[in-house]
Amino acid sequence: MAAPEYTIADFIHREPWWKNRALLVLNIYLILPLLSSALNGLDASILNGLQILPAWQEYFHYPQEKILGIINAAQSIGTLSGIPLSPCMADLLGRRASMFFGATIVLAGILTQALSTSVHIFIGARVLIGLGNAFTNNAAPLLISELSYPTHRGKLTALYNSMWYFGSIISAWICLVAYDQAGTSEWSWRIPVFLQATVPVLQMAFIWFIPESPRFLVAKGLESQATRILARYHANGSSESGHLVAFEMAQIRHAHNVERKIASSPSFLTCFATPGNRRRVFIIISIAIFSQWSGNGLVSSYINIVLDGIGITTTQTKSIINGCLQIFNLASALLGTTLVDKLGRRKLFLISNVGMLIVFSMWTLTTALFNETKSTIAMKATIPLIFVFFFFYDFAYTPMIVSYTLEILPYNIRARGLAISNFSAYLSNAVNLYVNPLALNSIGWKYYLFFCGWLVVELAFVTMFIVETKGRTLEDTAALFDGVKPPRNTTEWRDNLDFARMPRPRSPGLDKDARDNFELHESSGDRCSVSGSHSHIEQQEHSKVQSSVFGSPSHLETRSEESAITAIK
């Protein structure tokens, strides 16, 4: 009689997560790294809101074109300078230490910005904030993806970038309230900047209460600590030999050992060392650029100029539109986040790009009509089109830009791959921020035509290159790109299961009165080896987890270095 086969789906928690004390505590802990994205949105949007305030404009002598472009690009310049170092710190000292270091620099930059007495000091402070963000924005999503519960990882990593709008909502409405209360006083812009310090202070105070990434600990040889963390937060404090913990540790250890043999000393060059890695980098660089050059930057950083271009000039009206747009953006991003595991990554990208192309073309038309004819109908139509455009943008690019990047990268280049993605995004954003005001003031609505053509390129890319990753663990997803050309719609056969409602399978290997002896085997006689191939897709794709009665699940760990596993998220 053949031994029953199991995947990680057979061991996961099936009750609502909030009824499991360990999962509830873990998800509360993960709010702290999620705030890194909120801080990024708060900082980026605060500058957008400050440009609407008369006091800020007057204090800094109404910056125009080049100076305004430099002010907006300063944070990206700081981030670019720190990105090459951020993965090194995250891999060397840990995800928590890197977050603490980044939060310290961000706090120093915020205080300097709030106390600025000249535009040069203001620009320098924004560079400093960007430098700190390079470390927090690299370490925070790594910690979330590597620490979260297997069935929560997709939603939490998608939620990470969606939290950008949570910060932007706060900044938009803080600026409006500050303007209402302080009027043309310089405190109308200093108070919103001071309030930014809340997030880095919280992170510096509480980051050490969060457990470290188990994958980082395994990479440093601290497997017992990693096992204790997984047992406490993934198995609700059960014995360290619990089946889920043993399964996760086996997979992490095996993936780490294979990747270590492929590249014993990972560097940025490792990201380009194999065809699979080059394919990954090509995709993550492309979607990082798309996230900044889809036309969204026109409103995200220069809503003041955009609204002037359609005849809306009052400060109160601009602030209200900006605040409402940020709330709408967050709702759209959260909708996309909830559909990540239902529709899949590829379908989300396709819906997003088709929608953006259609709506932005209509937005361009109404803006052109207003500028040429001063039509009030065109002006009124433009505002809802801006909202609809951002719905399609936020539907995929906000939740997926970080989540998809982390999913397709193996551990040994995950931190550096994310750094490459961040570098590409911030570099394209810096160029975008500098060019946009010059182009808008020079050629006006005709600049929109460029983005119409660029959105066609984005849609073609997504159609040809985005690979579906729904229904896979981090290690299993990373294997898709190695060795063989992955089909674009590859998914596991159980990718649509609702684990929270799925009845637990009854089998001899899981009977409460029996002890399990889990072993990992290759099918077709394949052994786990890197000789002759830089891939471990064959070793993961065709392997099984099998059980026999009378034994201990610790066998799953002791034999994992010679075995490959296929697991479902």
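Use the structure listed above.
Residues numbered from 1 in each chain as written. Predicted model: local features only at pLDDT ≥ 70, side-chain atom pairs only at ≥ 80, totals over all residues. Heavy atoms only, no water.

With respect to the environment of alanine 74
- Counting through the fold element by element, alanine 74 comes out in helix H4 (residues 65-82).
- Relative accessible area serves as the criterion here: at 1%, alanine 74 is assigned to the buried category.
- The sequence separation of alanine 74 and leucine 128 amounts to 54 residues, and the corresponding C-alpha distance is 8.7 Å.
- Leaving out residues up to four positions away in the same chain, alanine 74 has contacts with Ile123, Arg126 and Val127. (Helix = DSSP H or I, 4+ residues; strand = E, 2+ residues; numbered from the N terminus. Buried < 20%, exposed > 50% of the residue type's maximum accessible area, 1.4 Å probe, protein only. Contact = heavy atoms within 4.5 Å.)

Some remarks on the nonpolar core
- Core analysis: the biggest nonpolar cluster contains 127 residues, and Leu50, Trp56, Trp189, Phe360, Trp363 and Tyr404 have the highest contact counts within it.
- Broken down by element, this core gets its largest block of residues, 17 residues, from helix H20 (residues 376-407).
- When sequence neighbours within four positions are dropped, the list of residues in contact with leucine 50 reads Trp56, Phe122, Cys175, Trp189 and Val193.
- Within the second largest apolar cluster, seven residues are counted, among which are Ile83, Ala134, Ala419 and Tyr426. (Core = buried A, V, L, I, M, F, W, Y, C linked by side-chain atoms within 4.5 Å.)

Thoughts on the packing of helix H5 (residues 86-93) against helix H21 (residues 411-443)
- Two elements in contact, H5 and H21, have axes separated by 8 Å at closest approach and are oriented at 150 degrees. Between H5 and H21, the crossing angle belongs to the class labelled roughly antiparallel. In this structure, H5 crosses over H21, and the sense of that crossing is right-handed. Taken together, the residues of H21 that come into contact with H5 (itself represented by Ser86, Pro87, Cys88 and Asp91) are Tyr411, Ala415, Arg416 and Ala419.
- Split into classes, the residues belonging to the contact of H5 with H21 amount to five nonpolar, one polar and two charged. (Axes fitted to C-alpha atoms, helices over the stretch in contact; angles between N-to-C directions. Parallel < 35°, antiparallel > 145°, perpendicular 65-115°, else oblique. Left-handed = near helix turned anticlockwise from the far one by under 90°. Nonpolar A, V, L, I, M, F, W, Y, C, P; charged D, E, K, R; others polar.)

Section: unusual backbone geometry
- Phi is positive for histidine 61, which is not a glycine, with a value near 60 degrees.
- Along the chain, histidine 61 falls in the loop between helix H3 (54-59) and H4.
- Of the residues examined, histidine 61 reaches a relative accessible area of 67% and is grouped as exposed.
- Even without being glycine, tyrosine 62 reaches a positive phi, approximately 50 degrees.
- In this fold, tyrosine 62 is placed in the loop between H3 and H4.

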